[in-house]
Amino acid sequence: METSIRRQTRALTRRAAWLLLVASLPLLLLIVGLGILQYVEQRRILLGDIARQTEDRHTALAALLAAPVDHLARLKAFMEERLADDIGRGPTPFRRFLRYEAPVIGATRMGGFYTDHLRADPSSDFGFVLADAKLIETLGPGYDEFDAALDLIEPMRLGHLTSPYLQWSYYFSQGRQFVVIYPGATAAETLATSVAAGGHDVRTLLASWNEYDLFKLGTPRADPERKPYWTGVYVDAAGAGRMVTHATPIYRQDRFLGIVATDITLGMFAQLLQHLAQTPGTVAITNAQGQVLAARNAVTGDTSAPEGLSSLLPPELATRPTVEVLAPSEGFRRIDGTYILARRAAAEPFWLIHFVSETELLRQLLPRFAPVGLILLSLLVTLAVAIILLGRHLVRPGLMLVRHIQAEAQNEAPPAARVPPAMWRPWFDAVSRAFASVRLYQKRLEASEAEYRAVVETQTEFVVRFLPDNRVLFANEAYCRHIGIPREVLLGAFANEYVQVEPSDLVRLRGNIAALTPERPTSRTELRVTMPGGRVGYEEWTDTGIFDDEGKLVATQAVGRDLTERKATALALERQREALHQSEKLAALGSMLAGVAHELNNPLSVVIGYSGMLTDLAESEAMRDRAAHVQAAAERCARIVKAFLAMARAKPVERRRVVLAEVLDDALTLSSYGLRTHSVTVDNALPGDLPPVNADRDQLHQVFLNLIVNAQHALAVVPGPRRIRITGHAEAGVVVVAIADNGPGMDAEVQRRAFEPFFTTKPQGMGTGIGLAVSRGIVEAHGGSLTLASSIGQGASFTIRLPTAPSAQLPDAGACEPLPPRSLSGQVLVVDDEEELAELIAERLAADGLEIDIATSGAAAVELIRSRAYDVLITDLRMPDMDGSQLIAEVERIAPALLHRSIVITGDALGPELDATMTDRRLPVLEKPLDFDALRGAVRRLLRPDGPEGALADMPEEAAP
Ligand code: ADP
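On a predicted model such as this, the values are computed, not experimentally measured, just so you know. (Residues numbered from 1 in each chain as written. Predicted model: local features only at pLDDT ≥ 70, side-chain atom pairs only at ≥ 80, totals over all residues. Heavy atoms only, no water.)

Colleague: Account for the overall build of the protein chain, naming residues and giving values.
Modeller: A count of helical and extended segments in the protein chain gives 29 helices and 34 strands. At 84 Å, the protein chain has a C-alpha radius of gyration far larger than the 30 Å of a compact globule built from 961 residues. Viewed in the frame of its principal axes, the protein chain has a C-alpha envelope of about 245 × 60 × 50 Å. Looking at the protein chain residue by residue over its 961 residues, the buried ones come to 44%. Residue pairs in contact within the protein chain that sit at least 24 positions apart in sequence constitute 63% of those at least 6 positions apart. With the model as given, the accessible surface of the protein chain reaches about 48300 Å², and the carbon-plus-sulfur share is 58%. (Helix = DSSP H or I, 4+ residues; strand = E, 2+ residues; numbered from the N terminus. Rg over C-alpha atoms; globule rule 2.2 N^0.38 Å. Buried < 20%, exposed > 50% of the residue type's maximum accessible area, 1.4 Å probe, protein only. Contact = heavy atoms within 4.5 Å. Areas by Shrake-Rupley, 256 points an atom, 1.4 Å probe, with all protein chains shown as cover.)

Colleague: Report on helix H22 (residues 771-781), specifying residues and quantitative values.
Modeller: Because each turn of an α-helix spans 3.6 residues, side chains separated by three or four positions in sequence point in the same direction. Within the sequence span of H22, burial applies to Gly771, Leu772, Ala773, Ser775, Ile778 and Val779. Looking at the buried residues of H22, the elements they touch are helix H20 (697-715), strand S28 (785-790) and strand S29 (796-803). Among the residues trailing H22, Gly783 stands out with phi positive, at a value near 75 degrees.

Colleague: Residue-level account of the nonpolar core, with values.
Modeller: Membership of the largest hydrophobic core comes to 42 residues, with the highest contact counts inside it found for Leu660, Phe704, Ile724, Phe798 and Ile800. For this core, the elements supplying multiple residues, two or more each, are helix H19 (660-677), strand S25 (693-696), H20, strand S26 (722-731), strand S27 (734-741), H22, S28 and S29. In contact with Phe798, other than residues within four places in its own chain, are Leu707, Val737, Ala738, Ile739, Met746, Phe755, Leu772, Leu786, Thr787 and Leu788. Residues Val606, Ala838, Ile903 and Ile905 belong to the second largest nonpolar core, which totals 32 residues. (Core = buried A, V, L, I, M, F, W, Y, C linked by side-chain atoms within 4.5 Å.)

Colleague: An account of the sheet that holds strand S12 (residues 282-287) is needed here, citing residue identities and associated values.
Modeller: In spatial order, the strands read S13-S12-S16-S15-S14; together these five strands make up an open sheet with antiparallel pairing. At either margin of the open sheet sits one strand with a lone partner, and together these are strand S13 (292-297) and strand S14 (333-335). Strand-to-strand twist in this sheet, taken as the mean axis angle between neighbours without regard to direction, amounts to 25 degrees. As judged from the three bridges shared by S14 and strand S15 (residues 338-344), these two strands associate in the antiparallel manner. Opposite Ile335, over in S15, you have Thr338 as the bridge partner. Running over the sheet, helix H8 (residues 267-275) touches S12, S13 and strand S16 (350-357) and is turned about 25 degrees from S13. Against the sheet, helix H11 (residues 358-365) contacts S13, S14, S15 and S16, and its axis sits at roughly 70 degrees relative to S16. (Pairing = 2+ DSSP bridges. Axes fitted to C-alpha atoms, helices over the stretch in contact; angles between N-to-C directions.)

Colleague: Would you mind going over the site of the ligand in detail, with residue names and values included?
Modeller: If you check the shell around the ligand, you find 20 residues, and the closest are Asn710, Thr760, Thr761, Lys762 and Thr768. Here an oxygen atom of the ligand and a side-chain polar atom of Asn710 are 2.8 Å apart. At a separation of 2.9 Å, an oxygen atom of the ligand approaches a polar backbone atom of Leu772. In isolation the ligand exposes 530 Å². Once the protein is present, 94% of that is buried. Every element with two or more residues in the shell around the ligand is listed here: H20, H22 and S29. Looking at which element gives the most residues to the shell around the ligand, the answer is H20, with three residues. Looking at the shell around the ligand, its residues break down into ten nonpolar, eight polar and two charged. (Near = heavy atom within 4 Å. Polar contact = N/O pair within 3.5 Å; in protein donor to acceptor, adjacent residues only side chain to side chain. Nonpolar A, V, L, I, M, F, W, Y, C, P; charged D, E, K, R; others polar.)

Colleague: Explain the packing of aromatic side chains residue by residue, including any values.
Modeller: The description of two aromatic rings rests on the distance between their centres and on the angle between their planes. This structure, assessed with the given rule, holds 15 aromatic pairs. A centroid spacing of 5.5 Å and a plane angle of 75 degrees characterise the contact between Tyr479 and Trp541, whose relative ring orientation is edge-to-face. In this pair, Tyr479 sits in helix H14 (residues 477-483) while Trp541 sits in strand S21 (residues 536-547), placing the two residues 62 residues apart along the sequence. By the burial criterion, Tyr479 is buried, and Trp541 matches it. In this structure an aromatic cluster arises from ring pairing among Phe146, Tyr171 and Phe178. Directly above the ring of Tyr251 sits Arg226, whose terminal nitrogen or CZ lies 4.0 Å from the centroid. Its end group placed over the ring of Phe755, Arg776 keeps NZ or CZ at 3.6 Å from the ring centre. (Phe/Tyr/Trp six-rings, centres within 6.5 Å; stacked < 30°, edge-to-face > 60°. Lys NZ or Arg CZ within 6 Å of the ring centre and 35° of its normal.)

Colleague: Tell me about unusual backbone geometry, and please be specific about residues and values.
Modeller: Leaving glycine out, the prevailing phi sign among residues is negative, and the prevailing peptide bond configuration is trans. Along the chain, Tyr182 connects to Pro183 via a cis peptide bond; the corresponding omega equals -10 degrees. On the secondary structure map, Pro183 appears in the loop between strand S7 (178-182) and helix H5 (187-196). Positioned with a positive phi, Arg176 is a non-glycine residue whose angle comes to about 55 degrees. With respect to the helices and strands, Arg176 occurs in the loop between strand S6 (166-173) and S7. A relative accessible area of 38% means that Arg176 is categorised as partly exposed. The phi angle at Asp336 is positive, at roughly 45 degrees, despite the residue not being glycine. According to the relative accessible area criterion, Asp336 is partly exposed, its value standing at 35%.

Colleague: Now, about the confidence of the model for the protein chain: what can you tell me, with residues and values included?
Modeller: When the pLDDT values of the protein chain are averaged, the result is 83; 91% of them are 70 or greater. Predicted confidence for residues 808-819 stays below pLDDT 50, and this span has 21 contacts to residues more than four positions away or in other chains. In the predicted structure, residues 954-961 sits below a pLDDT of 50 and forms 16 contacts with residues beyond four places in sequence or in another chain. (pLDDT = per-residue confidence, 0-100.)

Colleague: Which residues make up a nonpolar patch on the surface, and what values go with them?
Modeller: There is a patch of nonpolar side chains on the surface, built from Leu374, Leu377, Val381, Val385 and Leu389 and spanning about 450 Å² of accessible area. You can see Leu374 is positioned in helix H12 (residues 370-409). (Patch = residues over 30% accessible without salt bridge, like charges linked within 9 Å, V, L, I, M, F, W, Y side chains within 5 Å. Salt bridge = Lys/Arg side-chain N within 4 Å of Asp/Glu carboxyl O.)

Colleague: Tell me about the sheet that holds strand S20 (residues 522-530), and name the residues and values.
Modeller: Taken together, six strands build an open sheet; the order of strands is S18-S17-S22-S21-S20-S19 and the sheet is antiparallel. The open sheet terminates on both sides in strands that have one partner only, identified here as strand S18 (472-475) and strand S19 (500-501). Docked against the sheet, helix H16 (residues 503-514) engages S19, S20, S21 and strand S22 (553-562), running at close to 160 degrees with respect to S20.

Colleague: Would you mind going over the pattern of salt bridges in detail, with residue names and values included?
Modeller: Summed over all chains, the structure comprises 41 salt bridges. Across the salt bridge formed by Glu662 and Arg697, the nearest N and O atoms sit 3.6 Å from each other. Pair noted here: Glu662 is in helix H19 and Arg697 is in helix H20, with a separation of 35 residues, a long-range link. For Asp853, the salt bridge is made with Arg868, and the minimal N-O distance between the two is 2.9 Å. Here Asp853 is found in strand S31 (residues 851-855), whereas its partner Arg868 is found in the loop between helix H24 (858-867) and strand S32 (872-876), with 15 residues between them in sequence. According to the relative accessible area criterion, Asp853 is buried, its value standing at 18%. Judged by relative accessible area, Arg868 falls into the partly exposed class, the value being 28%. Each member of the salt-bridge network shares a partner with another, and the members are Asp848, Asp933, Arg936 and Arg940.

Colleague: Describe in detail the pairing of S16, supporting the description with residues and values.
Modeller: S16 sits mainly inside the fold: seven of its eight residues count as buried. In this structure, S12 lies alongside S16, joined through six bridges in antiparallel fashion. The residue of S16 that forms the bridge with Thr282 is Phe355. With seven bridges joining them, S15 and S16 adopt antiparallel strand pairing. Of the residues in S16, the one forming a bridge with Arg343 is Leu352. Hairpin remark: S15 followed by S16, antiparallel, with five residues in the connecting loop; positive phi at Ala346, about 45 degrees.

Colleague: Account for a negative patch on the surface, naming residues and giving values.
Modeller: Residues Glu599, Asp833, Glu834, Glu835, Glu836, Glu839, Glu843 and Asp881 make up a contiguous surface patch of negative charge. Looking at the negative patch element by element, the count peaks at four residues for helix H23 (residues 835-846). When you line up the elements, Asp881 lands in the loop between S32 and helix H25 (884-894). (Lys, Arg positive; Asp, Glu negative; His and termini not counted. Charge placed at Lys NZ, Arg CZ, Asp CG, Glu CD.)

Colleague: Describe in detail helix H6 (residues 202-209), supporting the description with residues and values.
Modeller: Every buried residue of H6 is accounted for by Val202, Leu205, Leu206 and Trp209. For H6, the angular spread of the buried residues around the axis is 95 degrees, confining them to a single face. Considering only its buried residues, H6 is in contact with strand S4 (112-114), strand S5 (128-131), S6, S7, H5 and helix H7 (213-216). (Arc of directions from axis to C-beta.)

Colleague: Explain the packing of H12 against helix H13 (residues 425-457) to me, and be specific about the residues and the numbers.
Modeller: When two helices pack together, their arrangement is given by the angle between their axes and by how far apart the axes lie. As a packed pair, H12 and H13 sit with axes 10 Å apart at the nearest point and diverge in direction by 15 degrees. Relative to H13, the element H12 lies roughly parallel. Remark: the crossing between H12 and H13 carries right-handed chirality. Two secondary-structure elements touch here, H12 through Pro397, Met400, Leu401, His404, Ile405, Glu408 and Ala409 and H13 through Trp427, Phe428, Val431, Ser432, Phe435 and Arg439. When its residues are assigned to classes, the contact of H12 with H13 shows nine nonpolar, two polar and two charged. (Parallel < 35°, antiparallel > 145°, perpendicular 65-115°, else oblique. Left-handed = near helix turned anticlockwise from the far one by under 90°.)

Quick look at the structure:
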């Protein structure tokens, strides 16, 4: 962290430095520009100064050269004047000083005239004369060239006295017979060098001297204008060093006689330069040939003059022709980066040349720029200090602040970097405070968000928000659960991707949403939708438009609820209402049927009774047969009536030993009409000897009837043959009955729901959906089960399993086996308001040998009971004035013994007429139409020797509850 801050600080500081530099660039440029301007100006001034000094030097040089020039001019003038003025002049007195000598120099004897002897006086500076011996011999008495030359010694001496730079002055005769040289030197010295150069006598020596440049330049061919001239630089043969010679030819009357010359050592020039003021660069004096006579370098202080100018010049200039370099100019010229100023010394072929390089100028001028440099330096220092301070006090703390903000933003602990400078502390604190309050606010926001979310999420209502293009912006958990799509899948998806809305509903919904306005932002739509799994449901939605400032719909907030269950409930309720209606209709029908049946009972009982009697009493077989037919038909009618009554009756559950085959027969009888008209063949293979079950016969009847009617209904939709097969068997304690049809069968869904109450696939009015539910309820209440096996096109098979009755149980009271006729004795009172029936009962019982009285009302019966002791009382239940139960109550009072020898006959299966009077006293009850055998059996049991108590003990419990 710390190092990264340091790194970033460096990078930023560098950047800042760069920016600062760029920012201060104009100032820098200004300073530098001013500096350059100043420099140029200073350089100009400096060069001007130098040029002026060069001018002075030039004057000095001219002055310096004036000495030898004047000296030579004087010598020439003197010589020419003497030569012109020699007439009448006798030989010069100097001749006296000449002496013939013949010194041996080296190996050569050099005979000639010398003035060496004059040198005995060391202070004498007498000139040196060397003359050929023959010359002297030829000298006449008159004044001649030789005399004039000798006379020159005096002006030479005078000249040398005034100008210390004159090395030698001399006269060389072109006749090669003598030389005159001032100042004097010994012959030995002078000759030695000459001999070394090849001279072997004075004459050849002189001849060799005349071969020198300094002489040759003066010959008429070389100097036709007879002007004074200068030689180049050469090294003095006498050892005086390097020098130049100024010489001029001497003519007499157009005849070239010789030359006068004077030698100047280069030291003269050197001294001149030496004594001049110092200026930058190099000052040199050169001649026309480009030879350097003297030079001085201001920097090195070097005064040694090289041979050639080129070796003095900077390399770029060295290759340039000397003429170009020496071209005179007013001021400095700049050639190849070097400033050059060359001035010719008046008429003489000498140049004062000054050259100075830019570097030297700069070096010279630099000190003058100290203020500018100082300003520049201080600016740079200021910049550097600014950058350091910037880095330390702004960039670094700034970065630390950024880090601090980052850390705060990421909710980390602030970096344990160095403590920020005090000046920055408030900023850091402000940031911390700001973030702390943001965090606090955020926490509150989160809490409120969570609360809000919880409100939305714990809703059982659906909350969904849609964009105008139908994409889902938000959906709460309840809705996601409802459609079974995870929220992350749903969000952003199009609403109709997962849920299909019934097209007509969709049109309505779209219309409703399109009609939303800021003024009427809410609409309600009910939709039928198909969920992702194919499940169909109903939903109710309240859509609320969310509008922007311009009233444009930006989203729709929809709150919905699932109506499917409510709809189903409403449907079920409707069905139940229908079923209730049906069952009310049935009840009404039942009670009407019961009334009809009740009315039919008595006549039917009469038909059955008399037909039975006719059968018994028939005299011929044919008659008996017919009577039997009548009886069978009447009994069938009776069974139908009974079945009706059983169905319509709401009587308490009555468990008895029931033989299923009989119950099935009854059910088949009741449905035989429908089966027949629908061409359904019933294959009844239920064994008659199955163990009986302990059950409510009527309820089982209802179960069988339901299953048969369902099968018949199902078979109606298949072409045929239509078949119902009923099978059965007994297994460990259970009787199994299966009713199967070859109808259309059921799909899995219908099978699953078939036993649901009110589930039906049949059209309204046809089915109620309670048949199977009730049937299963009945079978299960009997401790059994009702199951279903089916598949589409393979028919349906319903299986009933019922536990068998315990063996101790008595068979159905009404199903006693017929008793063999046997003579009985006893007094029996039959009470029935239907006289016919009463008489029939009397007649049938009388056949058994009993004594019968008849009473057609309760009052009459009471009368009779009071007057006589009866053994058995048989009474109808429903009678005008005193009914059966009142009668029984009265009997209990007036003849308690008869109470337990009473049999009740009822033709009304509907009302709970068997009131407490009968049920408490456990009296046998027989239903109309009467089964006379059963009646006779009951009477017989009451008349048993063990009395009515024995008979009571034999009665099944349920029969007399
Ligand atoms: P309902 O007969 O009034 O419709 P149920 O409870 O008796 O009521 O029967 C429920 C449903 O079971 C019927 O609507 C029918 O679809 C189906 N079902 C019952 N029995 C059969 C059968 N034998 N074959 C085919 N479908 C049957």
